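Architecture and fold: a report
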Amino acid sequence: MDQVGDSFKTRLKILLASDEHRVSVQTTAAVLLAFVATLFMGRENMSWGVFSALFVVQASVGGTVSSGLERVAGAILGAAVGVLAVLLPIDGLMGTLVSLLIGVSVMSLVSARWPKLAYGLVTVTIIIVAPDFYVVEGAMEKIAAIGIGSACGVAAALAVFPVSARRRADRHLAEALRGCGRLLDEYFRCMQNNDNKDDVAKADADVSYALRRARDMSRQARAERAPMTPADLSSGHLLYEVERFRYTLTLIDRFSDGPLPESLPGDRDGFDALCDAVNQQLERLADAIVSHAACEPVPEVKERFDDWCRSISDTLNDESMTQPDRERLIAIKEAYAAMLDNLIRLCQQVSERYAS
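Notes on the structure in this doc start here.

Parameters and conventions
- Residues numbered from 1 in each chain as written.
- Predicted model: local features only at pLDDT ≥ 70, side-chain atom pairs only at ≥ 80, totals over all residues.
- Heavy atoms only, no water.
- Axes fitted to C-alpha atoms, helices over the stretch in contact; angles between N-to-C directions.
- Helix = DSSP H or I, 4+ residues; strand = E, 2+ residues; numbered from the N terminus.
- Parallel < 35°, antiparallel > 145°, perpendicular 65-115°, else oblique.
- Left-handed = near helix turned anticlockwise from the far one by under 90°.
- Contact = heavy atoms within 4.5 Å.
- Nonpolar A, V, L, I, M, F, W, Y, C, P; charged D, E, K, R; others polar.
- Phe/Tyr/Trp six-rings, centres within 6.5 Å; stacked < 30°, edge-to-face > 60°.
- Buried < 20%, exposed > 50% of the residue type's maximum accessible area, 1.4 Å probe, protein only.
- Expected span 1.5 Å × (residues − 1).

**Here we look at the packing of helix 4 (residues 61–86) against helix 5 (residues 92–113)**
Between helix 4 and helix 5, the shortest axis-to-axis distance is 9 Å and the interhelical angle comes to 150°. Here helix 4 is positioned roughly antiparallel relative to helix 5, judged by the angle of their axes. Considering only the axes of helix 4 and helix 5, their crossing is right-handed. In this structure, helix 4 uses Gly 74, Leu 77, Gly 78, Val 81, Ala 85 and Val 86 to contact helix 5, whose residues at the interface are Ser 99, Gly 103, Val 106, Met 107 and Val 110. Of the residues belonging to the contact of helix 4 with helix 5, the class tally is seven nonpolar, four polar and no charged.

Listed below in structure tokens is the structure:
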């Protein structure tokens, strides 16, 4: 029985590790909590609270907090615009049309400038199309219901399998670095046979996706800071360095659009060993970021690069080498030198950030 229980817990943990399943559970909890919390407000206003809880839950605690605050701010602004539009001295259907034109136009301009306030379009439209007898009081009740629903969403995100945006950003950075290692391997294969362009494109897309998610989570992490706490700029600097490392790889991509000359067999072996050492360093970097520990350098990286450079120098002294091959080999050498400089800087920054 104990083994069955442990197996079930393990499977449940794996299942809830994915955003799709975890967010679904959090959203269900948020909706049920909002339903109970707004029972006293009546059916009409209860729906505002439930819908707010339904759409406020995001993939991290910081994202949920940000979404809740943005929804409440948009609702307040939209309600204010809607009330002012309804109070215009024009009666009947024409009055509703004019109020709708003015209210939606104003809120559309605001949401175009600040997209995070776009929820105000919903409140301004409902208040104008179906105003309560007591317009101001009705608008305040809707705002209160939206605030309660948003708070229920935040509470569910904090209580039900919470995930820190800062931790998630670190994991995406680690995925990006591991993806850079795979991308480097694909570039090397291109230099060997030039028949894996689809694999290069897939690896590049994986790195881009991981970096995009890391940027999103870094923004969401700001909402997790305690009030008056200074911003943690080190995480932004680390993200910048990883993105810079990714851009450095484009230099290698520029010269991997065709196989290396067949006259360079010795350089190929050294090149392969260098790529393996760089991948080992990227794996250590990724593990260090996830575990918040200093990054141990891989000595073989510098050794393999020095060996390869000596091999390249010997090759360049061969007078039988054509000028285009000579120039390309020099360019590849410089591109790898720039990449290694970035890699060393990344290791130093991670070690400084997580030094105990």
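Here the narrative resumes.
**A look at the packing of aromatic side chains**
On inspection of all chains with the given rule, the structure shows two aromatic pairs. With a centroid separation of 6.4 Å and 45° between ring planes, the pair formed by Phe 305 and Trp 308 is classed as tilted. Of the two residues, Phe 305 and Trp 308 both sit in helix 12 (residues 299–316), three residues apart, roughly one turn of that helix. Like Trp 308, Phe 305 is buried.

**Regarding helix 3 (residues 42–56)**
Between its terminal C-alpha atoms helix 3 stretches 21 Å, which fits the 21 Å expected from 15 residues at 1.5 Å a residue. Among the residues of helix 3, those classed as buried are Asn 45, Met 46, Trp 48, Gly 49, Val 50, Ser 52, Ala 53 and Val 56.

**A short note on the packing of helix 8 (residues 165–192) against helix 9 (residues 197–221)**
Geometrically, a packed helix pair is captured by the angle between its two axes and the distance between the axes. Contact geometry for helix 8 and helix 9: axes closest at 8 Å, N-to-C directions at 160°. When the axis of helix 8 is compared with that of helix 9, the two are roughly antiparallel. Judged by the twist between their axes, the crossing of helix 8 over helix 9 is left-handed. Residues that form the contact of helix 8 with helix 9 fall into these classes: 16 nonpolar, four polar and 10 charged.

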